[in-house]
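So you can see what is in the structure, the chains are spelled out below.
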Amino acid sequence: MDGKSKPGVPYDVMTDTWVKKHRLIYIGATRHPFILSIRDGTVDLSAFKRWLGQDYIFVRAFVPFVASVLIKAYKKGDESSGDMEVILSGLGSLNDEIAWFKQEASKWGVDLSQVAPEKPTQDYCRFLEELMRPEVDYTVAMAAFWAIEAVYQESFAHCLEEGSKTSTELQEACQRWGNDGFGRYCSSLRNIADRQLEKVASGSVPLVKVSEDAVSKAEVTFLRVLEYEVDFWNMSCGTDGHSAPKP
Ligand SMILES: Cc1ncc(CN)c(N)n1
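My aim in this report is to walk through the structure given alongside it, one point at a time. Just so you know, these numbers come straight off a predicted model, no measurement behind them.

What follows concerns the overall build of the chain. On a plain count of helices and strands, the chain comes out with ten helices and zero strands. Counting from the amino terminus, helix and strand elements in the chain follow one another as α-α-α-α-α-α-α-α-α-α. Of the accessible surface of the chain, which amounts to about 12200 Å², a share of 54% is contributed by carbon and sulfur atoms.

Okay, structure coming up:
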């Protein structure tokens, strides 16, 4: 709890504060025109196929990133926190996700072996590599991990809400990240990130002490994730100026 909170009055955890403070870019990432076009049934299928091929490349790079977070959780040495179990479950679902991408690609006639990473994918994967370095704080890596998963969860859940006109053929893709189980998994990641971010408050004992430096680095990292996600959606739509011409 921060020093200004009153007993019995709910207070914002750090990730709430960030989402409110950076609301515009957060909305930009979770309500992007690409997602809105899936939701209203007008998505350009060549854009969807481009997203599919590029996201397969991203997810392959995301696996070692998540493994690096698992190593950081292990090194923290707090077995009772349950963090490793949450992260391990994430690695398990990434295994299913990779199999799903292969199956979906064959359904849509996308030859994954021929897909080259576009610039936004390359940049995002490079960012993941930077975060994998052992000197990157667990708090910073967890904040990125949560934000990356949360953007997909919020985006695709929006395509399944009442009133959406998502086509039947794309509903399964939306279910992958928009289902309640994935929502609960994102909440677990968020709780870990918030617990790590909890700062020393006057008169209360913090659960975890992290330096101000790690907290501000984590916020910058959160913002960078949102920017990379927006670039990734832009690329999928072909509105980034870098994408290959539509097939
Ligand atoms: C670009 C991106 N961001 C997030 C996710 C969710 N794992 C994803 N598959 N791709």
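In this model helix 4 (residues 45–76) runs 45 Å from its N-terminal to its C-terminal C-alpha over 32 residues, within 8% of the 46 Å that 1.5 Å per residue would give. Once helix 4 ends, the next one or two residues include G77, with phi positive near 75°.

Attention now goes to the side chain of S155. In this structure, S155 sits in helix 7 (residues 138–158). For S155, a relative accessible area of 0% corresponds to the buried category. S155 has contacts with A29, T30, R31, I35 and W233, leaving out every residue within four places of it along the chain.

Looking at the ligand, the residues that line it are D55, F58, V59, F62, E97, Y124, I148, E149, Y152, W177, E229 and F232. Contacts to the ligand include D55, whose side-chain N or O atom sits 2.6 Å from a nitrogen atom. Side-chain polar atom of E149 to a nitrogen atom of the ligand: 2.7 Å apart, as the coordinates give it. Against a free-state accessible area of 290 Å², the protein chains account for coverage of 100% of the ligand. Of all the cavities here, the one that holds the ligand is the largest cavity. Sorting the residues of the shell around the ligand by element identifies helix 4, helix 7 and helix 10 (212–237) as the ones contributing at least two each. Of the residues forming the shell around the ligand, the biggest block, four residues, is contributed by helix 4. Across the shell around the ligand, the residue classes break down as eight nonpolar, no polar and four charged.

This part covers the packing of aromatic side chains. Counted according to the given criterion, the structure contains 31 aromatic pairs. For the ring pair W51 and Y152, a centre distance of 6.5 Å and an interplane angle of 35° mean the geometry is tilted. Of this pair, W51 sits in helix 4 while Y152 sits in helix 7; the two residues are 101 residues apart in sequence, bridging distant segments of the chain. We note that W51, like Y152, is buried. An aromatic cluster is present here, built from F34, F48, W51, Y56, W100, F101, W108, Y152, F156, W177 and W233 joined pairwise through their rings.

Moving on: empty space enclosed by the protein. Within this structure, the stated rule accounts for one cavity of 30 Å³ or more. Size it by volume and the largest cavity reaches roughly 100 Å³. Lining the largest cavity are 13 residues, and of these D55, F58, I148, E149 and Y152 lie nearest its centre. Counting only elements with at least two residues in the lining of the largest cavity, the list comes to helix 4, helix 5 (83–108), helix 7 and helix 10. For the lining of the largest cavity, the element with the highest residue contribution is helix 4, accounting for four residues. Of the residues assigned to the lining of the largest cavity, the class counts are nine nonpolar, no polar and four charged.

What counts, and where the lines are drawn
Residues numbered from 1 in each chain as written. Predicted model: local features only at pLDDT ≥ 70, side-chain atom pairs only at ≥ 80, totals over all residues. Heavy atoms only, no water. Helix = DSSP H or I, 4+ residues; strand = E, 2+ residues; numbered from the N terminus. Areas by Shrake-Rupley, 256 points an atom, 1.4 Å probe, with all protein chains shown as cover. Expected span 1.5 Å × (residues − 1). Buried < 20%, exposed > 50% of the residue type's maximum accessible area, 1.4 Å probe, protein only. Contact = heavy atoms within 4.5 Å. Near = heavy atom within 4 Å. Polar contact = N/O pair within 3.5 Å; in protein donor to acceptor, adjacent residues only side chain to side chain. 1 Å grid on protein atoms, 1.4 Å probe; cavity = no way out; pocket = protein on both sides within 12 Å on 5 of 7 lines; lining within 4 Å. Sits in = over half its atoms within 2 Å of the grid points. Nonpolar A, V, L, I, M, F, W, Y, C, P; charged D, E, K, R; others polar. Phe/Tyr/Trp six-rings, centres within 6.5 Å; stacked < 30°, edge-to-face > 60°. Points joined across faces, edges and corners; volume = space filled by probe spheres on them.

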